[in-house]
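Residues per chain, in single letters:
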Amino acid sequence: MVQEEDSSKNLHGPGVLLRAGRESAGLSIEQVADKLHLLQSVIVSLETDSYDRIRGETFVRGYLRNYARLLGISDDEVVARYTAGKPA
């Protein structure tokens with residue numbers, strides 16, 4: 001049952017939206033990392049909703065917003081998905 005919750009979180013988390021946007025824009029992880037001046041591992045973490053390697057919620061929110069803006073996706077929607085997926 002826990003596994004089902006994790007998979008549904010990933011379907012609705014911001015990472016799915018960001019990855020789909022990146023792929024439809026024809027960008028590689030390396031290209032996005034270069035444009036945002038981030039490590040490729042940070043981009044992978046954002047796309048997989050694995051935020052434990054990113055220090056501080058403020059950084060996570062900022063990275064999500066910048067990534068969304070780069071792709072032309074609503075940064076408010078991306079952050080809302082991040083917030084909704086966090087434990088209360």
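The present account deals with the structure reproduced in this document. (Residues numbered from 1 in each chain as written. Predicted model: local features only at pLDDT ≥ 70, side-chain atom pairs only at ≥ 80, totals over all residues. Heavy atoms only, no water.)

Core analysis: the biggest nonpolar cluster contains 20 residues, and Leu18, Ile43, Leu46, Leu64 and Tyr67 have the highest contact counts within it. Those elements giving two or more residues to this core turn out to be helix 3 (29–36), helix 4 (40–47), helix 5 (57–71) and helix 6 (75–85). In terms of residue count, the dominant contributor to this core is helix 5 (six residues). (Core = buried A, V, L, I, M, F, W, Y, C linked by side-chain atoms within 4.5 Å. Buried < 20%, exposed > 50% of the residue type's maximum accessible area, 1.4 Å probe, protein only. Helix = DSSP H or I, 4+ residues; strand = E, 2+ residues; numbered from the N terminus.)

Of note in this structure, His37 is not a glycine but carries a positive phi near 60°. The residue His37 is located in the loop between helix 3 and helix 4 in this model. Residue His37 is classed as exposed on the basis of its relative accessible area of 71%.

Within the secondary structure, Arg22 sits in helix 2 (residues 14–24). Residue Arg22 is classed as buried on the basis of its relative accessible area, which comes to 8%. Among residues more than four places away in sequence, those in contact with Arg22 are Leu27, Ser28, Ile29, Val32, Glu47, Tyr67 and Leu71. (Contact = heavy atoms within 4.5 Å.)

In short, geometric facts, not functional conclusions.
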